[in-house]
Amino acid sequence: MLDKRRILLIISGGIAAFKSLDLIRRLRERGVIVTPVMTKAASQFVTPLSVSALAGKKVFQDLFDLTSEAEMGHIELSRSADLIVVAPASADLVAKMAAGNANSLASTILLATDTPVMIAPAMNLRMWSHAATQRNIQTLKEDGIQFVGPNEGDMACGEFGPGRMAEPLEIITAIKDHFTEKSASDLLAGKRVLVTSGPTHEPIDPVRYIANRSSGAQGGEIAKAFMALGADVIFVTGPADVQPPIGVHVIKVETALQMLEAVEKEMPCDAAVFAAAVADWRVADASSSKIKKEDGRLPDLEFSENPDILATISNRRKDRPDLVVGFAAETDNVINNASRKRLRKGCDWIVANDVSPETGIMGGPENVVTLITSQTVERWDRMSKSEVARELAMKIANVLVRA
Ligand code: C5P
C-alpha cells in the first residue's frame, strides 16, 4: 500500500534525527520514494551524505540553491509528494509552521504546500510542555496538520517525560493510516452538497442593518469537511468574518431573500446543511437614503418576516435533498427546543448548540453540539469546530453513500 508513494521527508535539528535514517531505510523497503530535505540544524546531527545515500536521492537543504531552483523550485518541491512528513519536528520548526514563517527551505515548503503534512515532534519535555509550544501545536492541529507522537520516555538530556520522537515503525503505521483514510477523499465524489453560512444583513438604510451574531466559522469548516470527502460544495454565505474556504463554489449574498433565491437556484442537490444565522425579520421598507437622526424622534421601522430557508427546502415536494440538516442555536432548554424545531421545520437532522454567552461558543474555536435525528439524541464531547464539521460530514456521507 505504500509502494510508489512519494514522501517528502523534512528532517529538522534534534538528536532524534538519527532515527530518521532508520525511517528512510524502512520507507524505502516498502517501496516509498523518499525526497529528503534537511534544515541547517539537522546537519549537525546527521550528515547529508548518509541521508542522501539511504534515500538514494539528493538532499535539498538550501532555499537559495540556484541549481535546484533551476531543476525543481521550492514550490514545486512542496507539491511533488503525496505526503510531507516532518521527523523530527523541532520546537523551532513547529513555531515557524504555526507562525507561517518562510525563512528557510523547510519552512517555505511547509508554507507553500497544499499537500497533507504529518509531523513527529521531538524536543526536551519542558520545551514540549511550554505554553508557547502547546499554543503552536493547537494552531497546527486546527490547520489540519497530522501528528504522530511524541512519546513519553527517557530523553537524551537525561530527563523523563513527553517529547521523544515516535519510533520509525509508529510513523510508518501513521503514514499507512493516512493513506487508508485518504481513500475517504472520494467518498462523496459526484455528490452535490449545499452549505449555508454566516449571518444575513437586512438593510435599514444604505448604512445601517440588522443582523444575527455569526462568525461563519462553523459553516466554513463544514464546507471544508465536505470538500475533503470529495463532494462538490456549494457555499452560500452571508457577510461572515471568516473567508470562505478555497475550492468550494462560493455564492455571496447579503440578505435572507437573496440567500433563499441562491439556495433555490442551486437545487437539486444531495444534501443541504443550513448553518447560516439568518435574520428572522427584515425592515419592510428599507430607505434608499440614510435616515437622518433627528433629536427626540425615533424612526418608524416596520418589519416583515423573512422566509425560512431551511423549512422551505425541507418541505420541497420536488427535488428535496436526500438529507436536510439544520442548526439550532439555543440559550436554554437546548434539546427540547431543538427537537421541536426539527419537527416544525421538517428537516431530517438538527445540530443543537448552547450559545449562552458563558459557553464562549459564539465566535470561538470550539463547539459543544447535540445531534438530533428522528431516532436518536447524540451528545458530542466539546471539540473544535473543525472536528464537529468532520464528524458531521462523515455521518452525512454515510447516509448519502447508502442512499
Ligand atoms: O429558527 P432558527 O433561526 O433558530 O433556526 C435555525 C435553523 O434554521 C438554522 O439551520 C438556520 O440556518 C435555519 N434558518 C433558515 N432561514 C431562516 C431562519 C433560520 O434557513 N429564515
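Predicted, not measured: the structure shown is a model, and the values here were computed from it.

Read from one edge of the open sheet, five strands run β2-β1-β3-β4-β5, paired in parallel fashion. Unpaired on one side and paired on the other, β2 (33-38) and β5 (146-147) mark the two borders of the sheet. Sheet analysis places strand β1 (residues 6-11) next to β2, joined by six bridges and oriented parallel. Within the sheet, the bridge partner assigned to Arg 6 lies in β2 and is Ile 33.

Adjacent strands of a sheet pair through backbone hydrogen bonds, lying either parallel or antiparallel. Across the sheet, eight strands lie side by side as β12-β11-β8-β13-β16-β17-β19-β20; this open sheet has mixed pairing. Because the sheet does not close on itself, it has two edges, and the strands there are β12 (249-252) and β20 (377-379). Across the sheet, the axes of successive neighbouring strands diverge by a mean angle of 15 degrees, strand direction being ignored. Packing of helix α14 (residues 385-402) onto the sheet brings it into contact with β8 (192-197), β13 (271-274), β16 (323-330), β17 (349-354), β19 (369-372) and β20, and relative to β17 it is tilted by some 170 degrees.

Below, the discussion takes up the packing of helix α10 (residues 217-228) against α14. At their nearest, the axes of α10 and α14 sit 8 Å apart, and the two run at 45 degrees to each other. The angle between α10 and α14 places the two elements in the oblique class. Along this stretch, α10 crosses α14, giving a crossing that reads as right-handed. Note on element contacts: α14 touches α10 through Lys 385, Ser 386, Val 388, Ala 389, Arg 390, Leu 392, Ala 393 and Ile 396, opposite Ala 217, Gln 218, Glu 221, Ile 222, Ala 225 and Phe 226. Considered class by class, the residues forming the contact of α10 with α14 number nine nonpolar, two polar and three charged.

This next bit is on the domain arrangement of the chain. Taken domain by domain, the chain consists of domain 1 (6-179) and domain 2 (183-281 + 300-402). Here the C-alpha centroids of domain 1 and domain 2 sit 37 Å apart.

Let us now look at the site of the ligand. Taken together, Phe 274, Ala 276, Val 278, Pro 307, Asp 308, Ile 309, Leu 310, Gly 326, Phe 327, Lys 341 and Lys 345 make up the full set of residues adjacent to the ligand. In this structure, a nitrogen atom belonging to the ligand sits 2.9 Å away from a main-chain N or O atom of Pro 307. Within the backbone of Ile 309, one N or O atom sits 3.0 Å away from a nitrogen atom of the ligand. Protein burial of the ligand: of its 440 Å² of free accessible surface, 87% is covered by the chains. In this structure, the ligand is accommodated by the second largest pocket. Within the residue set of the shell around the ligand, elements represented by two or more residues are α12 (309-314), β16 and α13 (334-345).

Attention now goes to the layout of surface pockets. By volume, the largest pocket is sized at about 2,100 Å³. Lining of the largest pocket is provided by 50 residues; of these, Asp 143, Gly 144, Ile 145, Lys 224 and Arg 390 occupy positions nearest its centre. Only α5 (91-99), α6 (105-112), α8 (131-142), β5, α9 (168-182), α10 and α14 provide two or more residues apiece to the lining of the largest pocket. Along the lines of polarity and charge, the residues of the lining of the largest pocket split into 22 nonpolar, 15 polar and 13 charged. Residue assignment places the lining of the largest pocket across two domains, with domain 1 (6-179) and domain 2 (183-281 + 300-402) each supplying three or more. In this model, the second largest pocket occupies a volume close to 830 Å³. Every element with two or more residues in the lining of the second largest pocket is listed here: β8, α10, α12, β16 and α13. Considering each element in turn, the lining of the second largest pocket owes the most residues, four residues, to β16. Here the lining of the second largest pocket is composed, by residue class, of 17 nonpolar, 14 polar and seven charged.

To continue, consider a negative patch on the surface. On the surface, a cluster of negative charge is contributed by Glu 142, Asp 143, Glu 387 and Glu 391. Here Glu 142 is to be found in helix α8. Residue class for Glu 142 comes out partly exposed when judged on its relative accessible area of 36%.

This brings us to the environment of Thr 312. By secondary structure assignment, the location of Thr 312 is in helix α12. The class of Thr 312 is partly exposed, set by a relative accessible area of 29%. Expressed as a C-alpha distance, the spacing of Thr 312 and Asp 295, which sit 17 residues apart in the sequence, is 42 Å. With sequence-adjacent residues up to four places away left out, Thr 312 is seen in contact with Leu 260 and Glu 264.

Along the polypeptide, Thr 108 turns up in helix α6. If we ignore the near neighbours within four places in the chain, the residues touching Thr 108 are Leu 63, His 74, Asn 101, Ala 102 and Asn 103.

Conventions used here
Residues numbered from 1 in each chain as written. Predicted model: local features only at pLDDT ≥ 70, side-chain atom pairs only at ≥ 80, totals over all residues. Heavy atoms only, no water. Pairing = 2+ DSSP bridges. Helix = DSSP H or I, 4+ residues; strand = E, 2+ residues; numbered from the N terminus. Axes fitted to C-alpha atoms, helices over the stretch in contact; angles between N-to-C directions. Contact = heavy atoms within 4.5 Å. Parallel < 35°, antiparallel > 145°, perpendicular 65-115°, else oblique. Left-handed = near helix turned anticlockwise from the far one by under 90°. Nonpolar A, V, L, I, M, F, W, Y, C, P; charged D, E, K, R; others polar. Domains from an automatic or database assignment. Near = heavy atom within 4 Å. Polar contact = N/O pair within 3.5 Å; in protein donor to acceptor, adjacent residues only side chain to side chain. Areas by Shrake-Rupley, 256 points an atom, 1.4 Å probe, with all protein chains shown as cover. 1 Å grid on protein atoms, 1.4 Å probe; cavity = no way out; pocket = protein on both sides within 12 Å on 5 of 7 lines; lining within 4 Å. Sits in = over half its atoms within 2 Å of the grid points. Points joined across faces, edges and corners; volume = space filled by probe spheres on them. Patch = residues over 30% accessible without salt bridge, like charges linked within 9 Å, V, L, I, M, F, W, Y side chains within 5 Å. Salt bridge = Lys/Arg side-chain N within 4 Å of Asp/Glu carboxyl O. Lys, Arg positive; Asp, Glu negative; His and termini not counted. Charge placed at Lys NZ, Arg CZ, Asp CG, Glu CD. Buried < 20%, exposed > 50% of the residue type's maximum accessible area, 1.4 Å probe, protein only.

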